[in-house]
Amino acid sequence: MLKPTKSLKAILTIFMMWLVPGATAQKTADYESVSTAQGLSQGMVFDILQDKEGFIWVATKNGLNRYDGYNFKVFTNDPYNAHTLSSNTIIKLFEDSKGRIWAGTENAGLNIYHKENGKFYRIVHKLSDPGTLSGNGIRSIVEMPDGRILVAVADAGLNTVELTSDFFEKDAAPVIARLTLPNNTQVYGMGKDKNGNIWIGGMDRSVYRFDPLKNSFNQLNNAAFFNNGYLNSDGSKLINSNLFLSDGKEIYPLFDSSKSPAGNLLFNPREKLWEFHHREQYFYDIAKWEPGKPVKWNEELPADTSRLCYPFIIDRSGILWSGSVGYGLRKYNTTSSKFKAQTPGFSVRFIVPVTSDDVFTGDYAYGWRRLKNDIVETGAFNHIPSVTQIDNFIISKTGDYWIKSDNKGYFKYNPASGKLTHYPQINYYNGEGDKQPMLEDSRGNIWFPGLGGEITRLNTSTERIDSFSINTDATKPMLPKAICTALYEDKQGVIWIGTQEGFAKLIFAQGKNTTPQVKWFYNNSNTRNSLNYNHVSCLMDDPAAPENIYGSAPRVAD
């Protein structure tokens, strides 16, 4: 049985000290913004870490940043230098017992920063080598008592990583063993308690204690994982990947709370566990209790449209550093003041124009607003109550709305008549994976990407539906849940599809709706006449030479 490290009462008391408003004599201070204007490489912040030396490390969508309180040092990928970051999109940060910084990427494996020589050393997945990582999408990192590192990989289980004595001196390969949770369950999160026990939660809500000597998993019944969170007085919410474990009776922090103090509440998923929890707002609040009374489980958070920022840390001086979705860093002095109420922000991910004075904007959590004649309408799709969790939509030339619902699939909606048509025959991958674009081409076809390279095309005149796959390169097969990151038709009528692992050109027989020939473009470190980075987020024509296409890399001539 798990031995309590703290009593529930003590933990709740600590949380209440954070939550109760300060005395009336205290002044509420504004936050301080730290953004690209101060040298931060990009505003999309995925993780924050304070290392043993006091530096603040910031993982962003475009580079790794080290902040000394005055200046940023930015680390990025150089495709011609193997000792730089393997990718600019850093998802997870971790400092091991030797002070080494581990940077986990979205789709390019691990990077270890060697502070003495300023180099990065890469550990990546290789398709034909079982002695490498089982995947390149890093989700969680924990150090075991013997110094080995346990790494959770998106959709690909777990890995134990042991660095050899000559790893840094000779670029020697690490010793890696691949593991999977029982029933091949994907990892939701990991943490280590004060006694050194490693706990792993599965996406099926199971909780296991990991035995590093046997590389085995022992399930703890009636257990649950909760996320560390912070609730501001204005209702805005922060959350990070530090976890708490409940064994059904007590609650235990799975992180060193002396180095990373807890926030003021715990978050518990309402229905499904999520992979990118900074983009969701489905939680129960168990921090809203009164002293001396039982915890009110299943009490919902305030129903508001306030921003959910991810992540946050509270540093050793008591400063709260908050990341955000596009706004950079914010600093709050939690030791002397509480958060100041402010106008709720709205992090825009999609902009869908109707006319010059009428646009829709969508955020990361199914929130849609309509700005028409300078009047903001929240809940822009509330008039279609039968369609929920709207992930994306486009407006066709005929004025129809083509809507992607994460839980119900694809719909066509005519705003003039109010007619709603469901297309259940189009695979909507049931809400898995990240948001994907849709496209109406010059021939009136609507394009719907699936997962793993599956593409569906619907002819709006004939209602004919064709499906095919762009996963045609056997030397670089796409993962089953790989997504489409960009869809584009150039001025010549050619369709281009961007992914996280390069982009593809589709070549159709003249005037026919047949299965296309697929031509792929990738990074090749041996030649400069290739992509400098495989993750393609957008595509466009070269205005001076339409036969050339711009992507997230230098232009590529056909």
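Definitions and cut-offs
- Residues numbered from 1 in each chain as written.
- Predicted model: local features only at pLDDT ≥ 70, side-chain atom pairs only at ≥ 80, totals over all residues.
- Heavy atoms only, no water.
- Helix = DSSP H or I, 4+ residues; strand = E, 2+ residues; numbered from the N terminus.
- Buried < 20%, exposed > 50% of the residue type's maximum accessible area, 1.4 Å probe, protein only.
- Contact = heavy atoms within 4.5 Å.
- Areas by Shrake-Rupley, 256 points an atom, 1.4 Å probe, with all protein chains shown as cover.
- Pairing = 2+ DSSP bridges.
- Axes fitted to C-alpha atoms, helices over the stretch in contact; angles between N-to-C directions.
- Core = buried A, V, L, I, M, F, W, Y, C linked by side-chain atoms within 4.5 Å.
- Salt bridge = Lys/Arg side-chain N within 4 Å of Asp/Glu carboxyl O.

A.B. asks: What is the right way to read the overall build of the chain from this model?
C.D. replies: Scanning the chain from terminus to terminus reveals 2 helices and 46 strands. Looking at the chain as a whole, 53% of its 558 residues are labelled buried. Residue pairs at least 24 apart in sequence account for 48% of intrachain contacts in the chain once pairs closer than 6 positions are excluded. As presented, the chain carries roughly 25,900 Å² of accessible surface, and 49% of it is formed by carbon and sulfur atoms.

A.B. asks: Mind showing me how you'd approach the sheet that holds strand β31 (residues 375-378) here?
C.D. replies: What links the strands of a sheet is backbone hydrogen bonding, and the strands pair in either a parallel or an antiparallel sense. Read from one edge of the open sheet, 4 strands run β28-β29-β30-β31, paired in antiparallel fashion. The strands lining the two open edges of the sheet, one partner per strand, are β28 (350-355) and β31. Strand-to-strand twist in this sheet, taken as the mean axis angle between neighbours without regard to direction, amounts to 20°.

A.B. asks: Just to check I follow, could you spell out the sheet that holds strand β14 (residues 187-192) for this structure?
C.D. replies: The strand order across the open sheet built from 4 strands is β14-β15-β16-β17, with neighbouring strands paired in antiparallel fashion. Looking at strand neighbours, the two that pair on one side only are β14 and β17 (216-219), the edges of this open sheet. Each adjacent strand pair in this sheet contributes to an overall mean axis angle of 30°, direction not counted. Sheet topology note: the strand β15 (residues 198-202)/strand β16 (residues 207-211) ladder contains 4 bridges and is antiparallel. Pairing of tryptophan 199 across the sheet is with arginine 209, part of β16.

A.B. asks: Help me out: how do you make sense of unusual backbone geometry in this one?
C.D. replies: Glycine aside, residues mostly have negative phi, and peptide bonds are mostly found in the trans state. Here the phi dihedral of aspartate 171 falls at roughly 55°; this positive angle occurs in a residue that is not glycine. Among the structural elements, aspartate 171 can be located in the loop between α2 (167-170) and β13 (175-179). On the basis of relative accessible area, aspartate 171 is assigned to the partly exposed category, the value being 47%. Positive phi, normally seen in glycine, also occurs at arginine 205, with a value near 75°. With relative accessibility at 37%, the residue arginine 205 sits in the partly exposed group.

A.B. asks: It is not clear to me how the nonpolar core should be interpreted in this structure. Could you clarify?
C.D. replies: The nonpolar side chains of a soluble globular protein tend to be buried, and buried together. Trp102, Leu110, Ile123, Val161 and Leu163 are the most contacted members of the largest nonpolar core, which has 18 residues in total. Looking at this core, the elements with two or more residues in it are β8 (110-114), β9 (119-123), β10 (138-143), β11 (149-153) and α2. If one sorts the elements of this core by residue count, β11 sits on top with 3 residues. The contacts of leucine 163, once residues within four sequence positions are left out, are Arg100, Trp102, Ile112, Ile123, Phe168 and Pro174.

A.B. asks: Looking at this model, I keep getting lost on the pattern of salt bridges. Mind explaining?
C.D. replies: Side chains that differ in sign of charge can pair as their charged atoms come close. Within the structure shown, the criterion is met by 15 salt bridges. Here glutamate 440 makes a salt bridge to lysine 397, at a shortest N to O gap of 3.7 Å. Here the residue glutamate 440 occupies a position in strand β36 (residues 439-440), and lysine 397 occupies one in the loop between β32 (390-395) and β33 (401-405), the gap between them amounting to 43 residues. Since its relative accessible area comes to 17%, glutamate 440 is described here as buried.

A.B. asks: Could you clarify how one ought to interpret the side chain of serine 86 in this entry?
C.D. replies: You can see serine 86 is positioned in the loop between β5 (72-75) and β6 (90-95). Excluding its chain neighbours within four sequence positions, the residues that come into contact with serine 86 are Asn77, Thr105, Ala108, Asn111 and Arg122.

That is the geometry; function is a separate question.
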